[in-house]
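Structural overview
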Amino acid sequence: MARLNETQLKAQIKNGDISNAYLIYGEERYLKEHYISQLKKKIVDLTFESFNLHQFNSKDTALDDILKDAQMLPMMSEYNLVLVCDYPIEKSKSDIKLLTEFLDDVPESTVLIFHYDAIEPDVKSAGFKKILTAFDKAGAVVNLEKRSENDVAKLLVSGAKKRGSAIDINNAKYLISVSGNDLKNLLNELDKLSYYAQGKEITKDIIDSMATKCLQARVYDLSKAVVTGNSDNAYAIIDTLFNMKEEPVSILAVIGGVYVDMYRVKCAKTAGFSYDDVSNHFNYRGKEFVLRNASRDCAGLTENQLRKSLDEIMNTDLKLKGTSTDKKLLLEELILKLILIAKESRYA
């Protein structure tokens, strides 16, 4: 058949034009869960689910045994559905050969779905490319990527309406910047905010008071405090993150990511490009707000200051992973150094 985008997959399910094989992967966890659930509902009659639905997770079962179930005839139903989650098929040449041979002649009464949730396949590997080609010929390959920020914001606007409340497009984008761009998490936040709004509009004040900030959003607040020299606020945020039991390495990774974003934006501006150009080149799809924050925070910094900051972040990363020094102390020292760099001060 072909490689399907989200719209094509949605239409296929709606029309009942089911393929005999699917390979579903991509960044957007919620969309993968949603469409696999929709396929399952379309294919399997609940009355005979125990006979016609076979589910496997990771490499708990040999591929040969999985394919034996895929060759079974359905009972009182059109299809026998086999769902295989997180099977690292590209890691084994023998598995690749076995699966491609099966896909050459998939039984008409079988729907075989390989999908990835907790792990992501190595899409650039020769093995995975062979699998893509095999699923292409036998059925459909679907890469469910992150939606753009604008598309997610529109989904939140329509989602609020369905929940009996309202949110305008700007506040929807603000919610994304606060709670992150994970669709499943955003829809949970929208449930909470809609309930709190009690049929009224979800305002920025409601988002500020009720929405749960993701780690990335809290680190944005931290970086803003650092570049403006607000040490009290910066250390208060570090305290909050530790009280929330966030891993120091994870905190530092996000700090590093924020400074990389700022450096990219700064270099682009120096070269006469916009953060939209950065977004397209480095694939910030669904995370456009990241670059808006970076553009704001790097305005008062030079490229040299950002390079020095990234050096300090790398040095702290090495210390976090290689010494027994108090991890909170290491992060607090880093914050001080970043503030001094932002102030063009010298430090020992």
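Further up the page is the structure itself.
Overview of the structure. Sequence positions are assigned chain by chain, starting from 1 and proceeding in written order. Local features in this predicted model are restricted to residues of pLDDT 70 or higher, and side-chain atom pairs are both shown and tallied only at a pLDDT of 80 or more, whereas totals for entire chains, interfaces and linings draw on every residue. By convention in this description, side-chain values take in all heavy atoms of the structure and omit both hydrogens and water.

On to the environment of Leu-241. In DSSP terms, a helix is any run of H or I states spanning at least four residues, a strand is any run of E spanning at least two, and both are numbered starting from the N terminus. Along the chain, Leu-241 falls in helix H12 (residues 231-243). A contact between two residues is defined here by any heavy atoms of the two lying within 4.5 Å. With near-sequence residues (within four places) excluded, Leu-241 lies in contact with Leu-215, Arg-218, Val-219, Glu-246 and Ile-251.

Take the packing of helix H13 (residues 248-270) against helix H16 (residues 303-322) next. Note on geometry: axes are C-alpha line fits, over the in-contact stretch for helices, and angles between N-to-C directions span 0 to 180 degrees. At a closest axis distance of 10 Å, the pairing of H13 and H16 adopts a crossing angle of 160°. Taken together, the axis directions place H13 and H16 in an arrangement best described as roughly antiparallel. Of the two elements, H13 crosses H16, and the hand of that crossing is left-handed. For the pair H13 and H16, contact is made by Pro-248, Val-249, Leu-252, Ile-255, Gly-256, Tyr-259, Val-260, Met-262, Tyr-263, Lys-266, Cys-267 and Thr-270 and by Glu-303, Leu-306, Arg-307, Ser-309, Leu-310, Ile-313, Thr-316, Asp-317, Leu-320 and Lys-321, respectively. We call Asp, Glu, Lys and Arg charged. Ala, Val, Leu, Ile, Met, Phe, Trp, Tyr, Cys and Pro are nonpolar, and the rest, Gly among them, are polar. Among the residues making up the contact of H13 with H16, the classes are represented as 13 nonpolar, four polar and five charged. Angle categories: roughly parallel below 35 degrees, roughly antiparallel above 145, roughly perpendicular from 65 to 115, and oblique for all the rest. Left-handed describes a crossing whose near helix is turned anticlockwise from the far helix by less than a right angle; the clockwise case is right-handed.

Here the focus is the pairing of strand S3 (residues 53-57). Both S3 and strand S4 (residues 80-85) contribute to a ladder of five bridges, which runs parallel. When the sheet's bridge partners are listed, Gln-55 is paired in S4 with Leu-83. Orienting the strands away from the viewer, one traces the path from the first strand over the helix to the second; a clockwise path indicates a right-handed crossover. For the handedness criterion, the β-α-β arrangement of S3, helix H4 (residues 63-70) and S4 is classed as right-handed. By this definition, two strands are paired if DSSP reports at least two bridges between them.

In this section: the side chain of Ser-179. When you line up the elements, Ser-179 lands in helix H8 (residues 169-179). Those residues within four positions of Ser-179 in sequence are excluded, and the remaining contacts are Asn-185, Leu-186, Glu-189, Ala-211, Thr-212 and Cys-214.

It is worth spelling out the nonpolar core at this point. Buried Ala, Val, Leu, Ile, Met, Phe, Trp, Tyr and Cys residues form a nonpolar core when they are joined through side-chain atoms within 4.5 Å. Buried, partly exposed and exposed residues are distinguished by accessible area as a fraction of the type maximum, computed with a 1.4 Å probe on protein chains only: under 20%, between the cut-offs, and over 50%, respectively. Counting 77 residues, the largest nonpolar core has Tyr-22 and Leu-156 as the members making the most contacts within it. Per-element tally for this core: the top contributor is H13, with nine residues. Counting 27 residues, the second largest nonpolar core, distinct from the first, contains Ala-21, Leu-23, Val-106 and Tyr-116.

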